[in-house]
Amino acid sequence: MKSLLEITINTESDIIAARQIARETSNTIGFDKVDQARIVTAISEIAKNIIMYALVGVITIEILEKDNKKGISIRAIDRGPGIVDIKSVLDESNLKGLGAGLPGVRRLMDSLEIESDVGKGTRVYMEKWLR
Amino acid sequence: MELNIHFRKINNVLSVFIEGEIDTFTAPKLREKLESIVISQERLIELDLSKVTYMDSTGLGVFVALYKNVTRENGNLKLVGLTARIKRLFNITGLSELMNIEVGAKVE
Amino acid sequence: MEQLLIDYKQILSDYVVNRKEETLYNGQNYVRQLIQKNVAPEDVINIHRKAVEEIYTELPDSLSHAYDFLIEVMVQYGMKTREHQSLLIQKEELRIEMEIAARIQNILLNTTVPKIDQLDIGMISEPIRKMNGDYVHFLFDEEEDYLSIAVADVVGKGVPAALCMSMLKNGLETLEYGNNDPSYILQVLNRIIEKSVDDGMFVSSFYGRYDVNSSILTYGSAGHEPALYFNSKENAFCDLECKGLLLGVMPEVKYSQSNIRLEENDFIMIVTDGVTELRDCDVIDSRNLLKEIAFSIRHLPAQEMCEKIYLELQRLQDYNLEDDFTIVILKK
């Protein structure tokens, strides 16, 4: 198995493919069933956002290894409209945050970073480490 | 409480047909539709109110906002087909002296 | 998580054997631990699944798959439930803020009706929601013997309207001394409001100044519903027509003003459009209705007249008035 996997997200069946790959990868790394479900749910939400806001994008899944620890990273890149106020989409007490479901995704993973240029696109990067 | 809004464009004249009741509940929809107009691209924006059965001051607010936008961008706005009741509203508020308004049915 | 599993397994294995109410009760008390440790719903399922697998060693694989499925569903469900709850919390916060704002508005915009010997004044102002979009302002200058009355109706409702109203009140308070002309006051108010409000927002206002000594009311209107004047000698009403643009639409607007002298038993009724714009009823008809009711109770004191008219119109509209409702009556 390669440690870097790339999936183009354009249709609903791409979401399922990304889920499938995320599940297999996280299983290989050694995540238990519950964490697998969390990682898959996170990738699913991110992929749904791509289809809803940017129409098309790319998700990259990578196996991480650092200081004898293993983990998974998911990177999503699109060229959609971008996010004007990143702080508000991550704020659970804000309506905008709830729209894209990002506060929920952040809770499923260990970390979530967002970079965005309005009109150019959005990059989401998230990690989860094996405990 | 229904409000229908249709656009039709002929010779750079954008006609907006508004049908139904304009009140606190339907005014946001009307505002949203009218805000989507790119004023600079229209020679004339004509609102046809002949099928408006009820309008309160919230509705008036929507038209005032549009009027201000259009004036700011040097566009032209005209309201046509006002019923007597709506015409009275524009008269009392002094808006009929400001805005281009035509009463009664429009001949097509 | 380990200790949680051990405890859960204990309670569960007790229950499958004894099926006692007490064990169920213990199970519910166990929830406290889950809450304290902030355990997610999917983890609870997982604890249950592990406990079941440890208690019954020979479970079919399909049951294990069924648990996987439930965990998957619970991850999503937990996430969405949380989102939904934060929406509810947000809604509640907004409601509380709204209530505080309404209370402040009520204090700020509290109108006191002045008592003067030469003129009987009545007023009713009933908001349709928590915040009133109508505002009545009186000022009685005892030295100059002038009474001024402003009746204003802010288009739009809720918080923006309330803020606009406070601005109007401030404007009125700084302007009103002695005997400024209504046309001048409206002109300045327009300037204040035009500078500070949103495009879709404006105010209609009636402004009158009553000279107690000469019984002359000088009045102007900024896009406001014409006030009604009852001439007791002729037993007839007439509209106090006075043209003028709404406040807040254009930057520099000039207003006109007119005079009317009140005779014994004459009265003036200033209303907002909540009184005359009754749904399914033509404005002309509702104004006529208003005149009829007022005429039938014209011998009552001004305050009682206001209250009676309100009750009667409410009854006629099946207690379903749709706008802020304000009537001011000035009766000589």
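The structure we're discussing is the one just above.
Residues numbered from 1 in each chain as written. Chains lettered and ligands numbered in written order. Predicted model: local features only at pLDDT ≥ 70, side-chain atom pairs only at ≥ 80, totals over all residues. Heavy atoms only, no water.

Visitor: Before we move on, can you summarise the overall build of chain B with the specific residues and values?
Guide: Within chain B one finds three helices and five strands. Going residue by residue from the N terminus, the α and β elements of chain B occur as β-β-α-β-α-β-α-β. Across the 108 residues that make up chain B, the buried fraction comes to 55%. The long-range fraction of contacts in chain B, counting pairs at least 24 apart against all pairs at least 6 apart in sequence, stands at 64%. Accessible surface, chain B: about 5,300 Å² in total, of which carbon and sulfur atoms supply 47%. (Helix = DSSP H or I, 4+ residues; strand = E, 2+ residues; numbered from the N terminus. Buried < 20%, exposed > 50% of the residue type's maximum accessible area, 1.4 Å probe, protein only. Contact = heavy atoms within 4.5 Å. Areas by Shrake-Rupley, 256 points an atom, 1.4 Å probe, with all protein chains shown as cover.)

Visitor: Before we move on, could you go through unusual backbone geometry and cite the residues and values that matter?
Guide: Residue and element names in this part refer to chain A. One non-glycine residue, L55, lies in the positive phi region at around 70°. Position of L55 relative to the elements: it lies in the loop between α2 (33–54) and β2 (57–66). Despite not being glycine, N68 shows a phi value in the positive range, around 65°. Checked against the element boundaries, N68 lands in the loop between β2 and β3 (69–78). Judged by relative accessible area, N68 falls into the exposed class, the value being 85%.

Visitor: Any chance you could break down the packing of helix α1 (residues 12–29) of chain A against α2 of chain A for me, citing the residues and the numbers?
Guide: Residues and elements named next belong to chain A. The contact between α1 and α2 brings their axes to 9 Å, and the two run at 155°. Between α1 and α2, the crossing angle belongs to the class labelled roughly antiparallel. As for how α1 packs across α2, the hand of that crossing is right-handed. Only Q36, A37, I39, V40, I43, S44, A47, K48 and I51 of α2 make contact with α1, whose side of the interface consists of E12, I15, A18, R19, A22, R23, S26 and N27. Of the residues that constitute the contact of α1 with α2, the class distribution is nine nonpolar, four polar and four charged. (Axes fitted to C-alpha atoms, helices over the stretch in contact; angles between N-to-C directions. Parallel < 35°, antiparallel > 145°, perpendicular 65-115°, else oblique. Left-handed = near helix turned anticlockwise from the far one by under 90°. Nonpolar A, V, L, I, M, F, W, Y, C, P; charged D, E, K, R; others polar.)

Visitor: Describe helix α3 (residues 41–55) of chain C, listing the residues and the values that go with them.
Guide: With 15 residues, α3 of chain C should cover 21 Å at 1.5 Å per step; its first-to-last C-alpha distance of 21 Å lies within 8% of that length. Of all the residues in α3 of chain C, the buried ones are E42, D43, I45, N46, I47, R49, A51 and V52 of chain C. If you follow the buried residues of α3 of chain C, they end up packed against α2 and α5 (102–108) of chain A together with α1 (2–18), α2 (21–36) and α4 (61–108) of chain C. (Expected span 1.5 Å × (residues − 1).)

Visitor: With reference to specific residues and values, describe the sheet that holds strand β3 (residues 146–154) of chain C.
Guide: Sheet strands associate in pairs through backbone hydrogen bonding, adopting either a parallel or an antiparallel arrangement. Residue and element names in this part refer to chain C. Reading across the sheet, the five strands line up as β2-β3-β4-β5-β8 and stay open at both edges, with antiparallel pairing between neighbours. Each edge of the open sheet carries a strand with a single partner, namely β2 (134–141) and β8 (258–261). Mean inter-strand twist for the sheet, computed between neighbouring axes without regard to direction, equals 15°. Here eight bridges tie β2 to β3, and the two strands are oriented antiparallel to one another. Bridged to F140 within β3 is L147. (Pairing = 2+ DSSP bridges.)

Visitor: Please set out the side chain of S183 of chain C residue by residue, giving values where relevant.
Guide: Structurally, S183 of chain C can be placed in helix α6 (residues 182–196). For S183 of chain C, a relative accessible area of 15% translates into the label buried.

Visitor: Give me the sheet that holds strand β2 (residues 13–22) of chain B: which residues, what numbers.
Guide: Residues and elements named next belong to chain B. Spatially, the five strands line up as an open sheet ordered β1-β2-β3-β4-β5, and their pairing is mixed. Looking along the sheet, the strands with just one partner apiece sit at the ends: β1 (3–10) and β5 (100–103). Averaged over all pairs of adjacent strands, the angle between strand axes in this sheet comes to 20°, irrespective of strand direction. Sheet topology places strand β3 (residues 44–55) next to strand β4 (residues 77–82); four bridges connect them, and they run parallel. Bridge pairing in β4 links L47 to L79. Packed on one face of the sheet, helix α2 (residues 57–72) meets β2, β3 and β4 and runs near 175° to β3.

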